[in-house]
Amino acid sequence: DAAAEAKSCWSLSNLAVNDEARTRIAGEGGIEVLLQVMEKHIGSSSVQEQGCRALGNLAVNGTNKTAIARVGGIKAVLAAMQQWHAREGVQAQGCRALRNLGVNPANQTRITEEGGVEVVLQAMRDHTAVAQVQEQGCCAISNLAVKTENKAR
């Protein structure tokens, strides 16, 4: 059920707090399983929030940034944010995941091409009083703006 899956995503995000754990989780197929859970439970804001949180933690690792993007993680984060635009927790964790994924140049392009700039800006407009959405959103946009062609967006 969705509640159990949300707790599993939360647990995975708590385990992904150091590079050794992040590498092991990815190596054991954790990224793919996480994305399957998010896809299966797109109707659960809790699963989406905790899934984005786990992806954000896993994306601190450079190799994982590429792996997450390769298997559809950017699309999953954007889908969660679009589905649950009124949920500040989903928006904050989604912006945080995009922030961490956006440190990678290839991901900067992919996030921008998939509409990530607009999604982050909408989250910031919708949640002006939520500090975490504003902070993570600003950081995500800042990382995306490193790439010259993204600055015009």
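Further up the page is the structure itself.
Residues numbered from 1 in each chain as written. Predicted model: local features only at pLDDT ≥ 70, side-chain atom pairs only at ≥ 80, totals over all residues. Heavy atoms only, no water.

Trainee: Break down the overall build of the protein for me, citing the residues and quoting the values.
Mentor: Each helix and strand counted, the protein has ten helices and zero strands in total. Beginning at the N terminus, the succession of helices and strands in the protein can be written as α-α-α-α-α-α-α-α-α-α. In terms of overall dimensions, the protein is globule-like: its C-alpha atoms have a radius of gyration of 14 Å, near the 15 Å expected for 153 residues. When the backbone C-alpha atoms are referred to their principal axes, the protein occupies close to 40 × 30 × 25 Å. Restricting to contacts in the protein with at least 6 residues of sequence separation, those with at least 24 account for 70%. (Helix = DSSP H or I, 4+ residues; strand = E, 2+ residues; numbered from the N terminus. Rg over C-alpha atoms; globule rule 2.2 N^0.38 Å. Contact = heavy atoms within 4.5 Å.)

Trainee: Describe the packing of helix α6 (residues 73–83) against helix α9 (residues 116–126), and please don't skip the residues or the numbers.
Mentor: Put simply, α6 and α9 touch, their axes get as near as 10 Å, and they point 35° apart. Pair α6 / α9 crosses with left-handed handedness. Facing α6, whose interface residues are Leu78, Met81 and Gln82, α9 presents Gly116, Val119, Val120 and Ala123. (Axes fitted to C-alpha atoms, helices over the stretch in contact; angles between N-to-C directions. Left-handed = near helix turned anticlockwise from the far one by under 90°.)

Trainee: A description of the pattern of salt bridges should follow, citing residues and the corresponding values.
Mentor: For the coordinates displayed, the defined rule picks out one salt bridge. For arginine 110, the salt bridge goes to glutamate 114, with nearest N and O atoms at 3.9 Å. When its relative accessible area of 28% is taken as the criterion, glutamate 114 is described as partly exposed. (Salt bridge = Lys/Arg side-chain N within 4 Å of Asp/Glu carboxyl O. Buried < 20%, exposed > 50% of the residue type's maximum accessible area, 1.4 Å probe, protein only.)

Trainee: Can you lay out the state of the cysteines for me, pointing to particular residues and giving the numbers?
Mentor: Applying the stated rule across the entire model yields zero disulfides. With no disulfide of its own, cysteine 9 lies 9.5 Å from the sulfur of cysteine 52, the closest cysteine sulfur. Classification of cysteine 9 as buried rests on a relative accessible area of 3%. In this model cysteine 138 remains outside any disulfide bridge; the closest cysteine sulfur is found in cysteine 139, 6.9 Å from its own. Residue classification places cysteine 138 among the partly exposed residues on the basis of a relative accessible area of 45%. (Disulfide = S-S within 2.5 Å.)

Trainee: Describe the side chain of asparagine 104, listing the residues and the values that go with them.
Mentor: On the secondary structure map, asparagine 104 appears in the loop between α7 (88–101) and α8 (105–113). A distance of 3.4 Å separates polar atoms of two side chains, one belonging to asparagine 104 and the other to threonine 66. A distance of 2.8 Å separates the side chain of asparagine 104 from the backbone nitrogen of alanine 106, its partner in a polar contact. The contact partners of asparagine 104, leaving out residues within four places of it in the chain, are Lys65 and Thr66. (Polar contact = N/O pair within 3.5 Å; in protein donor to acceptor, adjacent residues only side chain to side chain.)

Trainee: How would you summarise the environment of valine 119 if you had to cite specific residues and measurements?
Mentor: Along the chain, the position of valine 119 falls in helix α9. Overall, valine 119 belongs to the buried group, its relative accessible area being 10%. Spatially, the C-alpha atom of valine 119 lies 18 Å from that of glycine 43, the residues being 76 residues apart in sequence. With residues near it in sequence (within four places) discarded, valine 119 still touches Leu78, Met81 and Gln82.

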